[in-house]
Amino acid sequence: MTEARRVKVLVADDEQVIANTLVMILRQAGFDARAVYSGEEAVEMAQRFQPKLLISDVIMPGITGIEAAIKVRAELPSCKVLLFSGQAATVDLLEKARSRNYNFEILAKPVHPADLLAKLRSPEMLVSG
């Protein structure tokens, strides 16, 4: 797949090792992936990078992954969003987002790379790489 045709994926996680590892996995699977380490960085990078998919941790310092996803969607309405979290507080945050008519897919941490790639290629995500 040529560089210009590769699907752009932005990964946001305040745990840099997780974000960088996911980017490596995604790149090996044929995606054009970049990592950022906060919700604020995700919003800023999304404007420049124009990803087709945002994969974000939910609980991060500053703005949450959910708030970052809402802001990214406001700028890039066609950007798919996949959230992941290992925190129980995520349920309350997701309910608040749903009450505002934002419904996001979520995976539990830790996520196995094969499970993540299968999710990205599923019909509801419609992301190939």
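Placed above this text is the structure.
A quick note: this is a predicted structure, and the numbers were derived from the prediction, not measured.

Definitions and cut-offs
Residues numbered from 1 in each chain as written. Predicted model: local features only at pLDDT ≥ 70, side-chain atom pairs only at ≥ 80, totals over all residues. Heavy atoms only, no water. Axes fitted to C-alpha atoms, helices over the stretch in contact; angles between N-to-C directions. Helix = DSSP H or I, 4+ residues; strand = E, 2+ residues; numbered from the N terminus. Parallel < 35°, antiparallel > 145°, perpendicular 65-115°, else oblique. Left-handed = near helix turned anticlockwise from the far one by under 90°. Contact = heavy atoms within 4.5 Å. Nonpolar A, V, L, I, M, F, W, Y, C, P; charged D, E, K, R; others polar. Phe/Tyr/Trp six-rings, centres within 6.5 Å; stacked < 30°, edge-to-face > 60°. Buried < 20%, exposed > 50% of the residue type's maximum accessible area, 1.4 Å probe, protein only. Pairing = 2+ DSSP bridges.

**Things to note about the packing of helix 1 (residues 16–28) against helix 5 (residues 113–120)**
Direction vectors running N to C along helix 1 and helix 5 enclose 60°, while the axes themselves pass 11 Å from each other. Considered as vectors, helix 1 and helix 5 are oriented oblique to each other. Handedness of the helix 1/helix 5 crossing: right-handed. Between helix 1, through L22, I25 and L26, and helix 5, the contact on the second element is made entirely by P113, L116, L117 and L120. For the contact of helix 1 with helix 5, the per-class residue count stands at seven nonpolar, no polar and no charged.

**Some points on the packing of aromatic side chains**
The relative placement of two aromatic rings is captured by the distance of their centres and the angle of their planes. In the structure shown here, the tally under the stated rule is one aromatic pair. An angle of 15° between the planes, with centres 6.1 Å apart, marks the rings of Y102 and F104 as stacked. Residue class for F104 comes out buried when judged on its relative accessible area of 5%.

**Concerning the sheet that holds strand 4 (residues 80–85)**
With parallel pairing, the five strands of this open sheet are ordered in space as 2-1-3-4-5. Only two strands of the sheet have a single partner each, and these edge strands are strand 2 (32–36) and strand 5 (105–108). Across the sheet, the mean angle from the axis of one strand to that of its neighbour is 20°, orientation sign disregarded. Relative to strand 4, strand 3 (residues 53–57) runs parallel, the two being bridged by five bridges. Bridging from a neighbouring strand, S56 pairs with L83 of strand 4. Relative to the sheet, helix 1 contacts strand 1 (8–12), strand 2, strand 3 and strand 4, its axis offset from that of strand 2 by approximately 175°. Of the strands in this sheet, strand 3 and strand 4 touch helix 3 (residues 65–75), which is tilted by about 175° from strand 4.

**Some details on the environment of L82**
Structurally, L82 is set in strand 4. On a C-alpha basis, the gap between L82 and Q50 in space is 16 Å, while along the polypeptide they are 32 residues apart. Apart from the residues within four sequence positions on either side, L82 is in contact with L53, L54, I55, S56, E105, I106, L107, L116, K119, L120 and M125.

**With respect to the packing of helix 2 (residues 39–49) against helix 3**
Closest axis-to-axis distance for the helix 2/helix 3 pair is 9 Å, and the angle between their directions is 15°. Relative to helix 3, helix 2 is oriented roughly parallel. Crossing geometry of helix 2 relative to helix 3 is assigned as right-handed. Between helix 2 and helix 3, the residues in contact are G39, A42, V43, A46 and Q47 and A68, K71, V72 and E75, respectively. Split by residue class, the contact of helix 2 with helix 3 holds five nonpolar, two polar and two charged.

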